[in-house]
Amino acid sequence: MITKAWALFRRKFVAVIVPPATLCLVVLVLSQVQAPAYSQGLATPPAAEGVSSTPTPIPCPTDPPPTGDRVKLRSEDEIVVAARHWHDDYYLRNYVLDTSESGLSLPTSVTYTDIDALTHVHDVSATAADLNGDGRVERVSAFTDKSDRLSAISSASGTAGPAWYRDGDVYKGDHIKWIDIDSGDLDRSGDDEEVAIAFEDDYNAIHVVLLNGDASGAIAHTVNRDYGNWTDDRDSTGLGDVAYVAVAVGDLNGDGFRDEIVTVMKDGSKHLHVVILRRNDDGSMTPLYNQYWTNHDRDNVAKNELLYTNYGNWRPIDVTVGDVDGDWRDEAILGFRTGDDGDPRFQLLALKFVQEIHGTTHLDDRFVMDDQVYINTTLGNHNPRAAQTVSLSAGDLDGDGVDEIAVGLGTFHWESTTSFSEAWQPVLQTFDYIPVAHPDWSTNCPNHDEGDPPCLFRTSLYTGLAASRFRRSPKMRRFSAS
């Protein structure tokens, strides 16, 4: 069973729909949009003192490429898929897929058959991270292993491991769920990347663990050690009983470091809840922003008190980051299922950094975020219908220098017009963030008046054929393997 996939081609949007026993990828190629150039009123970034703001072309070596986040040369990007192998022992398995003249090819496939602990894995998630700063990414998977322990492994460790794990009370047990992983420059060094793993721990609380790499690109820590750790198990905050956890890492405040960890979930009061964290030098983490909502259809998200058994949730909440408004800072984009079986809906919410308020110590620092920009979309006229899976990614799909939002939904509906009664259907959509100063704002945000905020506008929609076997839609991430 595949639970996650990370993908970005240049100007291509990739979604994955997974039937029970096979892997099927649906690729939607978005051609470049021909539209008048629009600057969004952004000034050219100021030059450093004594440096001309006029760019001067210089030769750029391509072999070897520059390393780290400061400069990264991108060629063709690949797709990494982490899977629970369809086999009696359910081994962890990783795939790397690439494009070829005939379509998608499979240049790399790794099955971890040499590590007994990596049989019968669950809640598999993966990302790509340059753990050792050599300019090439490692494939990092997070999951629960054969002993129900929170575990992770880097592709640099080879098929013989070792795999990292924690086996304390909260890290081991059959309640650990919704494991998600992303990478970023969490130590603000600028020369390598670390990974953040967010999950529901065995006490049902939200938990975030950070891992670093060693010089070889393997996970640097021995078992039961990590690079950072944060949890909130209080019922009074709603974070002591969570579900549907997702995580993304980005540069929300525009300081040049992808070090803000955005974790989103359904909390114990059924609210949509987001916590933004940042690692401190001692491995602790500061909750810069902690917010839940009781309005705008966010007070009872991802309902699972449902009429039909198959109308439940697989991964109904997701988060991604991207500079969708062209201000040189990432926005956090939350996507989640809302409504009920009679009024099925999906909502996108954009969180935009406003300012950072510094406290007495770094533990008291806080972010002010703007949450005014969101859009509700209906899922069609089938009744009942639901977005069982929600998958988000942000990237510059049309080549205009500003990120767009790609949404993949795996929907279920009751199909009475075909030979089968239950149908699963992939839905792919893209959205633009429309600033107020944009010339199309008054047209694309028709319900807005002067003084109202920007809006999200759907720019494309693809609905696949309904099928009786397609059920799950993994998560998308963008990365470069070079």
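Everything below is about the structure shown above.
The rules behind these values
Residues numbered from 1 in each chain as written. Predicted model: local features only at pLDDT ≥ 70, side-chain atom pairs only at ≥ 80, totals over all residues. Heavy atoms only, no water. Phe/Tyr/Trp six-rings, centres within 6.5 Å; stacked < 30°, edge-to-face > 60°. Helix = DSSP H or I, 4+ residues; strand = E, 2+ residues; numbered from the N terminus. Buried < 20%, exposed > 50% of the residue type's maximum accessible area, 1.4 Å probe, protein only. Pairing = 2+ DSSP bridges. Axes fitted to C-alpha atoms, helices over the stretch in contact; angles between N-to-C directions. Contact = heavy atoms within 4.5 Å. Salt bridge = Lys/Arg side-chain N within 4 Å of Asp/Glu carboxyl O. Disulfide = S-S within 2.5 Å.

J.: Explanation requested: the packing of aromatic side chains in the structure shown.
T.: To describe a pair of aromatic rings, one takes the distance between the centres and the angle between the planes. Applying the stated criterion to the full structure yields three aromatic pairs. Judged by centre distance (4.8 Å) and plane angle (65°), the rings of tryptophan 178 and tyrosine 244 are edge-to-face. With tryptophan 178 in strand S11 (residues 177-184) and tyrosine 244 in strand S15 (residues 243-250), the pair connects residues that are 66 residues apart, well separated along the chain. Residue tryptophan 178 is classed as buried on the basis of its relative accessible area of 15%. When the centroid spacing of 4.9 Å and the interplanar angle of 75° are considered together, the rings of phenylalanine 353 and phenylalanine 367 count as edge-to-face. In this pair, phenylalanine 353 is assigned in strand S21 (residues 343-357) and phenylalanine 367 in strand S22 (residues 366-378), connecting sequence segments 14 residues apart. Residue phenylalanine 353 shares its accessibility class with phenylalanine 367, and that shared class is buried.

J.: Explain the sheet that holds S22 to me, please; I cannot follow it from the model alone.
T.: In sheet architecture, strand pairing relies on hydrogen bonds along the backbone and comes in two forms, parallel and antiparallel. Strand order in this open sheet of four strands is S19-S20-S21-S22, and the pairing throughout is antiparallel. With one partner strand each, in any of the chains shown, strand S19 (317-322) and S22 form the two edges of the open sheet. Adjacent strand axes in the sheet meet at a mean angle of 25°, parallel and antiparallel pairs treated alike. When S19 meets strand S20 (residues 331-340), the two strands line up antiparallel, connected through six bridges. Considered in S20, the bridge of threonine 320 is made with isoleucine 333.

J.: Just checking my understanding: could you explain the pairing of strand S17 (residues 272-279) for this structure?
T.: Successive side chains on a regular strand alternate, one facing one side of the sheet and the next facing the other. In terms of burial, S17 is a largely internal element, eight of the eight residues being buried. Burial along S17 is two-sided: the residues Leu272, Val274, Ile276 and Arg278 and His273, Val275, Leu277 and Arg279 are all buried. Strand direction decides the pairing type here: strand S16 (residues 260-266) and S17, joined by six bridges, are antiparallel. Counterpart to methionine 265 in the pairing with S17 is histidine 273. Summarising the sheet, S17 and strand S18 (residues 285-292) pair through seven bridges and their orientation is antiparallel. Within the sheet, the bridge partner assigned to arginine 279 lies in S18 and is methionine 285. Counted between consecutive antiparallel strands, the loop separating S17 from S18 contains five residues, among which glycine 283 sits at a positive phi close to 90°.

J.: Just checking my understanding: could you explain the sheet that holds strand S12 (residues 194-200) for this structure?
T.: One open sheet accounts for four strands, arranged S11-S12-S13-S14; its pairing is antiparallel. Looking at strand neighbours, the two that pair on one side only are S11 and strand S14 (228-232), the edges of this open sheet. Ignoring which end each strand starts from, the neighbouring axes of this sheet average 15° apart. The sheet contact formed by S12 and strand S13 (residues 206-211) spans six bridges and is antiparallel. Looking across to S13, one finds that isoleucine 197 is bridged to valine 209.

J.: Would you mind going over the environment of valine 373 with me for this structure?
T.: Structurally, valine 373 is set in strand S22. Valine 373 gets classed as buried once you look at its relative accessible area, which sits at 2%. Sequence separation between valine 373 and proline 453 is 80 residues; the distance between their C-alpha atoms is 6.7 Å. Beyond its immediate stretch of four places on either side in the chain, valine 373 contacts Leu348, Leu349, Ala350, Tyr433, Pro453, Pro454, Cys455 and Leu456.

J.: Would you take a moment to explain the pattern of salt bridges for this structure?
T.: A side chain of one charge can pair with a side chain of the opposite charge if their charged atoms are brought near each other. By the definition in use, this model includes 14 salt bridges. Ionic pairing is found between aspartate 116 and lysine 146, a salt bridge with its closest N-O pair at 3.1 Å. Of this pair, aspartate 116 sits in the loop between strand S6 (103-111) and strand S7 (122-129) while lysine 146 sits in the loop between strand S8 (138-144) and strand S9 (150-154); the two residues are 30 residues apart in sequence, bridging distant segments of the chain. Overall, aspartate 116 belongs to the exposed group, its relative accessible area being 51%. Taking the shortest distance from any N to any O, the salt bridge between aspartate 327 and lysine 352 comes out at 2.4 Å. Separated by 25 residues along the polypeptide, aspartate 327 in the loop between S19 and S20 and lysine 352 in strand S21 bring together distant segments of the chain. Residue classification places aspartate 327 among the buried residues on the basis of a relative accessible area of 16%. One salt-bridge network, in which partners are shared between bridges, spans Asp325, Asp327, Arg329, Glu331 and Lys352.

J.: Whenever I open this one, the state of the cysteines confuses me. Can you help?
T.: Disulfide: a covalent bond connecting the sulfur atoms of a pair of cysteines. Considering all chains together, one arrives at one disulfide under this definition. A sulfur-sulfur distance of 1.9 Å marks the disulfide that ties cysteine 445 to cysteine 455. Here the S-S torsion is close to -70°, and the disulfide linking cysteine 445 with cysteine 455 is therefore left-handed. One end of the pair, cysteine 445, is in the loop between helix H1 (441-444) and strand S26 (455-463); the other, cysteine 455, is in strand S26, and ten residues separate them in sequence. For cysteine 445, a relative accessible area of 2% translates into the label buried.

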